[in-house]
Amino acid sequence: MRYATVVAKVLLGLGFIVFGLDGFLHFMPSPPLPEGHARTFIETMNATPYFKVVKGLEVLGGLLILSGRLTPLGLLVLGPILVNIFLFDAFMFPMGLPVVLILGLLAGFLIYRHKEHFAPFFKAREEHCTFRGK
C-alpha cells in the first residue's frame, strides 16, 4: 500500500505541476477548443487573471503533494479545482471526463490514506450545533 501511495502522489502531483506550468509557459500544444459555451468559457478565463491564479494554485498544490509532508494541504488546495474541472467536463466537454476521473480517483485514494488529517472536518462540535434562541 505504501508504494501505491507514492505512485498516486507522484502522478497527481506531477500532473498538476505540468498542466499548471503549461498555463504560464505554453509548452504543450493546445487542443482545438470545443464549440459553444465551452469555447466561450475557456476564452473568457484565458482573458482574465483568474486563469493565472488557478494555474498557480495547481502548481502549488502539486508541489505540496510531492513534498510528502504537506500532502493533505495540497489535497485541500486541489480539491475545489478538481471539482470545477469535473463540472466543466461533465456539462460542457465530456471528452475530458476520463482524465479528471483518474485524477479524482488518485485524489480520493490519497484522502483515504491521509484520513486522520481529514477526520476533524466530518465531526460535528455540539456547542456549535445547538439552536440558542432568546
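My aim in this report is to walk through the structure given alongside it, one point at a time. (Residues numbered from 1 in each chain as written. Predicted model: local features only at pLDDT ≥ 70, side-chain atom pairs only at ≥ 80, totals over all residues. Heavy atoms only, no water.)

1. Quick look at the nonpolar core
Formed by 15 residues in total, the largest nonpolar core has its most connected members in Leu12, Phe16, Ile65, Leu75, Leu82 and Leu110. Elements with a minimum of two residues in this core: α1 (2–25), α3 (49–67), α4 (71–91) and α5 (97–113). Per-element accounting of this core gives the leading share, five residues, to α5. Leaving out residues up to four positions away in the same chain, leucine 12 has contacts with Ile65, Leu75, Leu103, Leu106, Ala107 and Leu110. (Core = buried A, V, L, I, M, F, W, Y, C linked by side-chain atoms within 4.5 Å. Buried < 20%, exposed > 50% of the residue type's maximum accessible area, 1.4 Å probe, protein only. Helix = DSSP H or I, 4+ residues; strand = E, 2+ residues; numbered from the N terminus. Contact = heavy atoms within 4.5 Å.)

2. With respect to the packing of aromatic side chains
Summed over all chains, the structure comprises two aromatic pairs. Ring plane angle 25° and centroid distance 5.4 Å describe the contact between phenylalanine 41 and phenylalanine 88, whose orientation is recorded as stacked. Here phenylalanine 41 is found in helix α2 (residues 37–46), whereas its partner phenylalanine 88 is found in helix α4, with 47 residues between them in sequence. Under the relative-accessibility criterion, phenylalanine 41 is labelled partly exposed at 37%. Pairing phenylalanine 118 with phenylalanine 121 gives two aromatic rings, centres 6.3 Å apart and planes at 35°, and the pair type is tilted. By relative accessible area, phenylalanine 118 is classed as buried at 7%. A cation over a ring is seen here: arginine 2 above tyrosine 3, with NZ or CZ 5.6 Å from the ring centre. The ring centre of tyrosine 112 lies 4.1 Å from the NZ or CZ of lysine 115, which sits over that ring. (Phe/Tyr/Trp six-rings, centres within 6.5 Å; stacked < 30°, edge-to-face > 60°. Lys NZ or Arg CZ within 6 Å of the ring centre and 35° of its normal.)

3. Considering the environment of isoleucine 111
Inspection of the secondary structure assignment puts isoleucine 111 in helix α5. Between the C-alpha atoms of isoleucine 111 and arginine 2, which are 109 residues apart in sequence, the distance is 14 Å. Aside from chain neighbours lying at most four places away, what touches isoleucine 111 is Leu75 and Phe118.

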